[in-house]
Amino acid sequence: MGRFGFEEMQRIQRELQEKYFDRWGGLNPRKGRDSLLWMMIEAGEAADVIKKRGDGPITEDPQIRRHFIEELCDVMMYFNDVMLCYDITPEELEEVYQEKHRRNMERW
């Protein structure tokens, strides 16, 4: 497997959005707002796995681990939809992410 980053994630999200354009309505800021809310719900589902199963099984039980990772994938899919809806490129994300990291490294 090669590198799997935001460019590839956005490519496959665009493909998914195009396939279901008639059903989902395409990518736009209104959809981005809704996707952000759905992303938060999916993050809650990932947290639910931790709450119901505990930390250990996520690292030790392959089925529970796969379920947890699937929930994280749902979070990432909606996250990428939000980026696409607001025309945020992976390059912009990287730039701001790196700046934020530098500020965090200098905090305490």
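The rules behind the values
- Residues numbered from 1 in each chain as written.
- Predicted model: local features only at pLDDT ≥ 70, side-chain atom pairs only at ≥ 80, totals over all residues.
- Heavy atoms only, no water.
- pLDDT = per-residue confidence, 0-100.
- Helix = DSSP H or I, 4+ residues; strand = E, 2+ residues; numbered from the N terminus.
- Buried < 20%, exposed > 50% of the residue type's maximum accessible area, 1.4 Å probe, protein only.
- Core = buried A, V, L, I, M, F, W, Y, C linked by side-chain atoms within 4.5 Å.
- Contact = heavy atoms within 4.5 Å.
- Axes fitted to C-alpha atoms, helices over the stretch in contact; angles between N-to-C directions.
- Parallel < 35°, antiparallel > 145°, perpendicular 65-115°, else oblique.
- Left-handed = near helix turned anticlockwise from the far one by under 90°.
- Patch = residues over 30% accessible without salt bridge, like charges linked within 9 Å, V, L, I, M, F, W, Y side chains within 5 Å.
- Areas by Shrake-Rupley, 256 points an atom, 1.4 Å probe, with all protein chains shown as cover.
- Salt bridge = Lys/Arg side-chain N within 4 Å of Asp/Glu carboxyl O.
- Lys, Arg positive; Asp, Glu negative; His and termini not counted.
- Charge placed at Lys NZ, Arg CZ, Asp CG, Glu CD.
- Nonpolar A, V, L, I, M, F, W, Y, C, P; charged D, E, K, R; others polar.
- 1 Å grid on protein atoms, 1.4 Å probe; cavity = no way out; pocket = protein on both sides within 12 Å on 5 of 7 lines; lining within 4 Å.
- Points joined across faces, edges and corners; volume = space filled by probe spheres on them.

### Side note on the confidence of the model for the chain
Here is step 1 of the chain: Taken residue by residue, the chain gives an average pLDDT of 95. The fraction at 70 or more is 99%.
Here is step 2 of the chain: Looking over the chain, one finds the lowest element-wise mean pLDDT in helix α1 (residues 6–19), namely 93, and the highest in helix α5 (residues 62–85), namely 97.

### A few points about the environment of E70
Here is step 1 of the chain: Counting through the fold element by element, E70 comes out in helix α5.
Here is step 2 of the chain: A relative accessible area of 48% places E70 in the partly exposed class.

### With respect to the nonpolar core
Here is step 1 of the chain: One finds A46, V49, I58, I64 and F68 forming the largest nonpolar core, which totals five residues.
Here is step 2 of the chain: Among the secondary structure elements, those contributing two or more residues to this core are α3 (29–53) and α5.
Here is step 3 of the chain: Once you skip the residues sitting within four places of it in the chain, F68 turns out to touch A46, V49, I50 and I58.

### With respect to the packing of α3 against α5
Here is step 1 of the chain: At a minimum axis separation of 8 Å, α3 and α5 run at an interaxial angle of 165°. Considered as vectors, α3 and α5 are oriented roughly antiparallel to each other. As for the relative orientation of α3 and α5, their crossing is left-handed in sense.

### Focus on a negative patch on the surface
Here is step 1 of the chain: On the surface, a cluster of negative charge is made up of E7, D87, E91, E92, E94, E95 and E99.
Here is step 2 of the chain: The element best represented in the negative patch is helix α6 (residues 90–105), accounting for five residues.
Here is step 3 of the chain: Examined against the element boundaries, E95 turns out to sit in helix α6.

### Thoughts on the packing of α1 against α5
Here is step 1 of the chain: At a minimum axis distance of 9 Å, the contact between α1 and α5 shows a crossing angle of 85°. Classified by the interaxial angle, the pair formed by α1 and α5 is roughly perpendicular. On the side of α1, the interface is formed by F6, M9, Q10, Q13, R14 and Q17, while α5 contributes M76, M77, F79, N80, D81, M83 and L84.
Here is step 2 of the chain: Among the residues making up the contact of α1 with α5, the classes are represented as seven nonpolar, four polar and two charged.

### Some remarks on the layout of surface pockets
Here is step 1 of the chain: Put simply, the largest pocket is a space of about 300 Å³.
Here is step 2 of the chain: Lining of the largest pocket is provided by R3, G5, F6, E7, M9, P90, E91, L93, E94 and Y97.
Here is step 3 of the chain: Going through the elements one at a time, α1 and α6 are the ones with two or more residues in the lining of the largest pocket.
Here is step 4 of the chain: For the lining of the largest pocket, the element with the most residues is α6, which contributes five residues.
Here is step 5 of the chain: By residue class, the composition of the lining of the largest pocket is five nonpolar, one polar and four charged.

### Describing the pattern of salt bridges
Here is step 1 of the chain: Taken as a whole and judged by the stated rule, the model has three salt bridges.
Here is step 2 of the chain: Put simply, D34 and R33 hold a salt bridge, and the shortest N to O gap is 3.1 Å.
Here is step 3 of the chain: Residue classification places R33 among the partly exposed residues on the basis of a relative accessible area of 39%.
Here is step 4 of the chain: The closest approach of N and O atoms between K52 and D48, which form a salt bridge, is 3.5 Å. One end of the pair, K52, and the other, D48, are both in helix α3, four residues apart, so they sit about a helical turn from each other.

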